[in-house]
Amino acid sequence: MMMLLNNIQIDDTFAEAFNMRGTRVIITAQNLKWAYHAANAMTGFATSVIGCGVEAGIERELSTEETPDGRPGVSILMFAMGSKVLMQQLETRMGQCILTCPTAAAFSGIDGEDKISLGKHLRYFGDGFQTSKLIDGKRYWRIPVMDGEFITEETTGMVRAIGGGNFLILATSQPAALAAAEVAIEAMKKVPNVIMPFPGGVVRSGSKVGSKYKTMFASTNDAFCPTLKGATNTELSPEIESVMEIVIDGLTFEDIALSMKVGIEAICNLGADSGVKRISAGNYGGKLGPHLFKLHDILNGSNS
Amino acid sequence: MNALTFTLKNTLQFSVNCGALTPDNLANKSAADIAKIKVTYGNSTVLAGDLFEISGNDAAHIVFKNASDKMDYIGAHMSTGKITVEGNAGAYLGFTMKNGEIHCLGNAASYAACNMVNGLLKIDANVGDFLGAGSEGLRKGMRGGTVIIKGNAGDRVGDQMRRGLILIEGNVGDYCGSRMIAGTIGVLGSVGVYTAFNMHRGTLLLKNVPTLHATVQYCGTHTLPYLSLLFKSFKKYNTQFSQLSSQRVQRFVGDAAYKGNGEVLILNA
């Protein structure tokens, strides 16, 4: 059935997402500038599990009232395909990005039955001078460093999560597609429990499952590549000149669905004059994962 | 329901072991049954009803009235409920306490919070020696929980303390934090000599600079970020420690004679 929002067509399709393991870490520092330095480093090179091991991003800023140590901070979310990779990546990134960042401290941002190491092993950097403090049932490690002391909670929680929620923005020009994507990202950043892990929250190289090459398990989504309209089984109409994708990882199905709704509605509020003609989604025919985010249902508020 | 109340009938001639009179042991028992519980009195055994008037029926909250410093082991091994001591308490108050709350409105004798595991122990007046220490022969003292003393404490506070929090608003005697393995002791008054003697790890948070022996080394004045977490945890208690906010401290580390990594922090440096 045809759906139009402000003259922008919403395809009757769905985004296909998969199970992940996720965690949240709270990073604080002397001021927001240094909290962002730490968080940006920790979530750097974490766009896709395909090549980075984890997908990570800054969820939101935290006020001094919201952080454990009363300093400015940010919360980050990190997702991986399995618990082992998530644990390994978290420890590596803690050691190279948070321990090294002046004034930064790290705390658990989520409870869960499963606990994974935050500073549990990092403490050995203290070479015997490290000390722990058990405060209100939580164990913290104090590691002496050259700027004073590095504080980290011993563990954080690990929960079941979902990755790969997405939608595609089909526009008449590259600037129009990107401008609409930026508007969507700004709106989606206000939704808790989700991240958009790609650069600026937007990905231009959407992929399909499989490839003609045996060693590749993902390759360019040729059906949505505008320069291949005549050379492949295209999904694009003649006026579409650029497609941008927004990928969402979240703690629950509902979080991702809400984020998609907010993002799509923000784009549709721009109207068809913005150059955006269609919204679609990455539908891989059931090859990718069990979670289906049906665009029409999400926008009608009936997705479950 | 009214608090289960034990009112001491007469002045005690000998020490009485009150360890059996806890919320755990008295739950679902009638006043008549409780009166028949045997307690050690001096070198003999008597019935609880011989020593106390027993009233009330809520064993989750036990009150000792006219309490005496000869009433030992109040709240021993308790794991739930609350005990209020209206008067003084004897030795071993909260011995191996596992959870719940004890509030003593008067003084307590030695070995309060001995072997304590968890819970909250509040003493509104003074307490004797070996607060939060281990019982004779044990290598570890208090292993968790929180102790708040409004008055003064004796010698050897936190001797071999393994974990937990002791906050003392008054003065303490000698050997504070001796052989301390870990945990936190705060003192707003003065401390005696040989503070941090043979200290392994842990934190002594002091308001006044003590006379420290040579093997506790000065490490300078610092702003320690973890103190904000610690002070935040004090806020829920009704104590002067709840007012602490400055993270600026003088830091001493020791006891070097024991290759110790314990710290003595002097507040508001």
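Residues numbered from 1 in each chain as written. Chains lettered and ligands numbered in written order. Predicted model: local features only at pLDDT ≥ 70, side-chain atom pairs only at ≥ 80, totals over all residues. Heavy atoms only, no water.

**A word on the interface of chain B and chain A**
With 17 residues of chain B at the interface, the matching set in chain A holds 17 residues. Between chain B and chain A, the buried area comes to about 1,300 Å², and carbon and sulfur atoms account for 56% of it. Summed over the three residues of chain B that lose the most area to chain A, namely Tyr226, Leu229 and Asn261 of chain B, the buried surface amounts to 42% of that side. For the interface between chain B and chain A, the tally reads two salt bridges. (Contact = heavy atoms within 4.5 Å. Buried area = accessible area lost by both parts, 1.4 Å probe. Salt bridge = Lys/Arg side-chain N within 4 Å of Asp/Glu carboxyl O.)

**Let's talk about the UniProt feature "domain: Glutamate synthase alpha subunit C-terminal" (unreviewed entry) in chain B**
Within this numbering scheme, the UniProt entry marks residues 74-206 of chain B as carrying the feature "domain: Glutamate synthase alpha subunit C-terminal" (unreviewed entry). Within residues 74-206 of chain B, the helical portion is 0% and the strand portion 26%, while the C-alpha atoms at the span's ends are 29 Å from each other. (UniProt positions renumbered as here; feature names shortened; annotations may be inferred. Helix = DSSP H or I, 4+ residues; strand = E, 2+ residues; numbered from the N terminus.)

**With respect to the nonpolar core**
Formed by 61 residues in total, the largest nonpolar core has its most connected members in Phe6, Phe52, Phe64, Met71, Leu93 and Leu131 of chain B. Top element by residues in this core is strand β6 (residues 58-67) of chain B. It accounts for four residues. The residues touching Phe52 of chain B, leaving out its near neighbours within four places in the chain, are Phe6, Thr7, Leu8, Lys9, Cys18, Leu21, Phe64 and Met71 of chain B. Listed in part, the 38 residues of the second largest apolar core include Ile8, Ile162, Ile185 and Met260 of chain A. (Core = buried A, V, L, I, M, F, W, Y, C linked by side-chain atoms within 4.5 Å. Buried < 20%, exposed > 50% of the residue type's maximum accessible area, 1.4 Å probe, protein only.)

**A few points about the side chain of Asp249 of chain A**
Residues and elements named next belong to chain A. Turning to its location among the elements, Asp249 is positioned in strand β15 (residues 242-250). One buried charged side chain, Asp249, makes no salt bridge at all; its nearest oppositely charged neighbour is Arg93, positioned 12 Å away. In terms of polar contacts, Asp249 uses its side chain to reach the backbone amide nitrogen of Gly164, at 3.1 Å. (Lys, Arg positive; Asp, Glu negative; His and termini not counted. Polar contact = N/O pair within 3.5 Å; in protein donor to acceptor, adjacent residues only side chain to side chain.)

**Observations regarding the packing of helix α4 (residues 174-188) of chain A against helix α5 (residues 253-268) of chain A**
All names here are of chain A. The contact between α4 and α5 brings their axes to 8 Å, and the two run at 140°. When the interaxial angle is binned, α4 and α5 end up oblique. Crossing handedness for the pair α4 and α5: right-handed. Across from Ala180, Val183, Ala184, Ala187 and Met188 in α4, the residues of α5 making contact are Ser259, Val262, Gly263, Ala266 and Ile267. (Axes fitted to C-alpha atoms, helices over the stretch in contact; angles between N-to-C directions. Parallel < 35°, antiparallel > 145°, perpendicular 65-115°, else oblique. Left-handed = near helix turned anticlockwise from the far one by under 90°.)

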